[in-house]
Amino acid sequence: MEAILMKIYENYAGADRDMLLHAYDYAKAAHKDQKRASGEPYFIHPCAVAEILVDLGLDAETISAAFLHDVIEDTPATEEDIRREFGDGVLSLVSGVTKLDKIVFKSEEEEEAENFRKIFIAMAKDIRVIIIKLADRLHNMRSLTYLSSERQKKMARETLDIYAPIAGRLGISQIKCELEDLCLKYLDPEAFAYLVANIHQKLEERNRFVNSVVEEIKEILTESEIAGEVFGRPKHFYSIYKKMKAKNLALDQIYDLTAVRVIVSTVDECYEVFGKIHKKWKPVPGRIKDYIATPKPNMYQSLHTTVVTDFGQPFEIQIRTVEMHRTAEYGIAAHWKYKENRDSETKLDQRISWIREMMELQGGFKDSKEFMNTVKEELYSSELLVFTPRGKVISLPEGATPVDFAYAIHSEVGNHCTGAKVNGKIVPLSSTLSLGDVVEIITSSASKGPSRDWLKFIKSSSAKAKIKQFYKKETKEENIKLGRTMLEEAAKKRGYVLSELLTADSFKNVSQKLSFDTQEEMFSAVGYGAISTNQVIFKLIDYFRKEVPQPVELRPFKEKNVSDTVTVKGLKGLLVSFAGCCSPVPGDEIVGFVTRGRGVVIHRRDCANMRNVDPERLQPAEWVKKAGDARFRVTFVVYAEEQGAALSAISQATSDMKLSITSINGRYDKSNAAIVEVTVTLMGREDAEVFMGKLKMHGRIIDVHRLSN
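Basis of the calculations
Residues numbered from 1 in each chain as written. Predicted model: local features only at pLDDT ≥ 70, side-chain atom pairs only at ≥ 80, totals over all residues. Heavy atoms only, no water. Helix = DSSP H or I, 4+ residues; strand = E, 2+ residues; numbered from the N terminus. Buried < 20%, exposed > 50% of the residue type's maximum accessible area, 1.4 Å probe, protein only. Contact = heavy atoms within 4.5 Å. Areas by Shrake-Rupley, 256 points an atom, 1.4 Å probe, with all protein chains shown as cover. Pairing = 2+ DSSP bridges. Axes fitted to C-alpha atoms, helices over the stretch in contact; angles between N-to-C directions. Salt bridge = Lys/Arg side-chain N within 4 Å of Asp/Glu carboxyl O. Core = buried A, V, L, I, M, F, W, Y, C linked by side-chain atoms within 4.5 Å. Expected span 1.5 Å × (residues − 1).

**Considerations on the overall build of the protein**
Now for step 1: Per the secondary structure count, the protein includes 29 helices and 20 strands.
Now for step 2: A total of 709 residues make up the protein; the buried ones form 49% of that total.
Now for step 3: The contacts in the protein between residues at least 6 apart in sequence include a share of 67% that link residues at least 24 apart.
Now for step 4: Total accessible area computed for the protein in this model is approximately 35,000 Å², and 48% of it derives from carbon and sulfur atoms.

**Focus on the sheet that holds strand 16 (residues 618-623)**
Now for step 1: Across the sheet, 5 strands lie side by side as 12-16-14-15-13; this open sheet has mixed pairing. Looking at which strands have only one partner, the edges of the open sheet turn out to be strand 12 (566-568) and strand 13 (576-578). Direction aside, neighbouring strands of the sheet carry axes that sit 35 degrees apart on average.
Now for step 2: Note: strand 14 (residues 590-594) against strand 16, 3 bridges, orientation antiparallel.

**Quick look at the pairing of strand 15 (residues 600-604)**
Now for step 1: Most of strand 15 is tucked away: 5 of the 5 residues are buried.
Now for step 2: Side-chain alternation along strand 15 places Val600, Ile602 and Arg604 on one buried face and Val601 and His603 on a second face that is also buried.
Now for step 3: Judged from the 3 bridges that link them, strand 13 and strand 15 form a sheet pairing that is parallel. Paired with valine 576 across the two strands is valine 600, which belongs to strand 15.
Now for step 4: As defined by bridge partners, strand 14 adjoins strand 15 across 5 bridges and the pair is classed as antiparallel. Within strand 15, the position partnered with phenylalanine 593 by the bridge is valine 601.

**A closer look at the pattern of salt bridges**
Now for step 1: Tallied over the full model, the rule gives 24 salt bridges.
Now for step 2: Salt-bridge contacts for arginine 157 lead to aspartate 161; the nearest nitrogen and oxygen are separated by 3.2 Å. Of this pair, arginine 157 and aspartate 161 both sit in helix 10 (residues 149-169), 4 residues apart, which is roughly one turn of the helix.
Now for step 3: A relative accessible area of 40% places arginine 157 in the partly exposed class.
Now for step 4: On the accessibility criterion, aspartate 161 (26% relative accessible area) is partly exposed.
Now for step 5: When salt bridges with common partners are traced through the structure, they connect Asp588, Arg685, Glu689 and Arg706 into a single cluster.

**Quick notes on the nonpolar core**
If you look at soluble globular proteins, the nonpolar side chains tend to sit buried side by side.
Now for step 1: Membership of the largest hydrophobic core comes to 73 residues, with the highest contact counts inside it found for Leu53, Ile63, Phe67, Leu68, Met141, Ile175 and Leu195.
Now for step 2: Top contributing element to this core by residue count: helix 9 (residues 127-142), with 9 residues.
Now for step 3: In this structure leucine 53 touches Leu58, Thr62, Ile63, Ala66, Ile131, Ile132 and Ala135, once residues within four positions along its chain are discounted.
Now for step 4: Membership of the second largest hydrophobic core comes to 31 residues, among which are Val585, Ala646, Phe691 and Ile701.

**Structural notes on the environment of serine 461**
Now for step 1: Here serine 461 is to be found in helix 22 (residues 461-474).
Now for step 2: Classification of serine 461 as buried rests on a relative accessible area of 5%.
Now for step 3: Between the alpha carbons of serine 461 and proline 397 there is a distance of 9.0 Å; along the sequence they are 64 residues apart.

**Quick word on unusual backbone geometry**
Now for step 1: Look at aspartate 33: it is not a glycine, yet its phi comes out positive at around 75 degrees.
Now for step 2: Along the chain, aspartate 33 turns up in the loop between helix 2 (14-30) and helix 3 (44-56).
Now for step 3: Located in the positive-phi region is lysine 658, a residue other than glycine, with phi close to 55 degrees.
Now for step 4: By the element assignment, lysine 658 lies in the loop between helix 28 (643-657) and strand 18 (660-668).

**A word on helix 3**
Now for step 1: Helix length check: helix 3, at 13 residues, gives a terminal C-alpha distance of 19 Å against a target of 18 Å (1.5 Å per residue), a fit within 8%.
Now for step 2: Most of helix 3 is tucked away: 10 of the 13 residues are buried.
Now for step 3: Every buried residue of helix 3 is accounted for by His45, Pro46, Cys47, Ala48, Val49, Ala50, Ile52, Leu53, Val54 and Leu56.
Now for step 4: Immediately beyond the C-terminal end of helix 3, within one or two residues, lies glycine 57, with a positive phi of roughly 85 degrees.

**Observations regarding the environment of isoleucine 590**
Now for step 1: Topologically, isoleucine 590 is positioned in strand 14.
Now for step 2: Taking the C-alpha atoms as reference points, isoleucine 590 and histidine 603, separated by 13 residues in sequence, lie 5.6 Å from one another.
Now for step 3: Here isoleucine 590 is in contact with Val566, Pro584, Ile602, His603, Arg604, Arg605, Ala621, Glu622 and Trp623, once residues within four sequence places are set aside.

**Thoughts on the sheet that holds strand 10 (residues 425-427)**
Now for step 1: Across the sheet, 3 strands lie side by side as 10-9-11; this open sheet has antiparallel pairing. The open sheet has two edge strands, strand 10 and strand 11 (439-443), and neither has a second partner. For this sheet, the mean inter-axis angle between neighbouring strands, taken without regard to orientation, is 35 degrees.
Now for step 2: In this sheet, strand 11 lies alongside strand 9 (residues 417-422) in antiparallel orientation, the contact comprising 5 bridges. Following the sheet pairing, cysteine 417 is matched in strand 11 by threonine 443.
Now for step 3: Packing against the sheet, helix 20 (residues 402-409) makes contact with strand 9, strand 10 and strand 11, and its axis sits at approximately 80 degrees to strand 11.

Quick look at the structure:
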């Protein structure tokens, strides 16, 4: 806690320092008496996160948000408190991180995919949110010792799959490498312990070798009158582990456990040193990589070569400029760390352009799972570098085709592509490109658009999304109409009217979860199949039940007027209907709720919607003794070991009692138990109890109860 204060005084001044000290004091007071799993004061955690970000050189707003990132979630402080004390900028960052903190990756693929999408929405809005989250995750991984073995492995797997690749894509190698090593420590502890012990065992011998190489390269710099820095850098454990696994090698078969870095001032000096090193030592064929001419997607630049020494031992050398080194170490964070280079504004945009492109294309994906798979391909794909006729380098996934190339140039080039030349020869659009190919795309304004057949052979996820987006836009009006109709039908099936469910407030609630700007965009997504009707309808119904002041009021199925089956004391001439939220039947204790303009709605007395209503609007009600053959819709919730068992029990019970099923829906919960909601028509409470009794007799039924909200 004292270390971070020292760094604040060393790195910040004026209003920035004042803000940071205020954030420090505010968070310290807010987290007072809270403890971590280790038993240490909780405030150590936000201090550690802030320190990581100070070392990366982030701005005062970001560091302040790091101090405060758990305050809204874990203390009585509110968003309004943060806005008042620190302004909208800090609040926006804290809120963004708070939302990400609520994300829990579960085994269900859809849930994981939706959470993955939320991370990228946060990244697109403000990249600093994910940088704070990466620092937060790094400190949590550093202190993972105090959690159970199961939680350690779960968090390590999630970090290795999601957060480490994101850090790599953003170019923050410091965080990426440490995260990967910490993950290995918990996912394969035996391998980690073996690497630590055996690599350290020959550390002194290896250091002597590296030092001799460093001295020889320094001599090259001196002879060439080039000012520069040369040093050895041990490779992190996870990269060694991956190489051993991928190539089935033993540790003593891996020679480049340490790389040598050469840092010079200019690009020309990089190539001069590169040539003189190859003159001194023989380069290993196939191990020369020029990332200066062809930067990685995360803007990483460097010259890599592996050479063989006079002793026959290979080792790797990396040559780069000071600016390239900053980018390699700090990635996107270098934008803030080295503020004197403010021309990096455009570089920042370049580094995060792939994120923005993914978010622009997200509407073209069928669902969150397809979005997640697409982004993971972007994160993990191997690179294939090809050229335009003018020499511009284009990075594509392995196995890419001319169509992938066309869409990498621009969406319009892809949409109007009619042919392609590779190295001057016309080739089929489905042909596979090779490293270094020069590709020229032939376009025609008469082209009506991409062929759906292209989806069968293209490799680039973004190209696939752009093609789907083209067809989505072509049929937008049709999709809007279809989506609206589908939602109206889905609402009607559940006893609701879409126009009553879909208000400005309810849409705002849905749009926060599904990221739609307009209702038309939502209708189009449903019509196109990007999201299901259930994803929207359930959220609208849930909001309607919880947030709308008056209870849910719906007319049930019946063969007689409601007034023939119930009487409401003290009221005459008013429309009477049954509530769909609790579905009262003869035998239930009931009460009448006087609505504004919709008569009296009959609820069960134990209905949750009646707990907080105005007592003056409640009227005594009772069943008519002879309700005749009136039938009522009642919804039951059935929990079973699996859906087949539930459906079998329901089918048997309805057949025995000669009941009609009006609707049935099934899903699985977090523990993988089946949940089936079934609505049947019956005569009264006695029928309901008999029906539940029959279901409970089934050996694989866990529980049954009537639906009541």
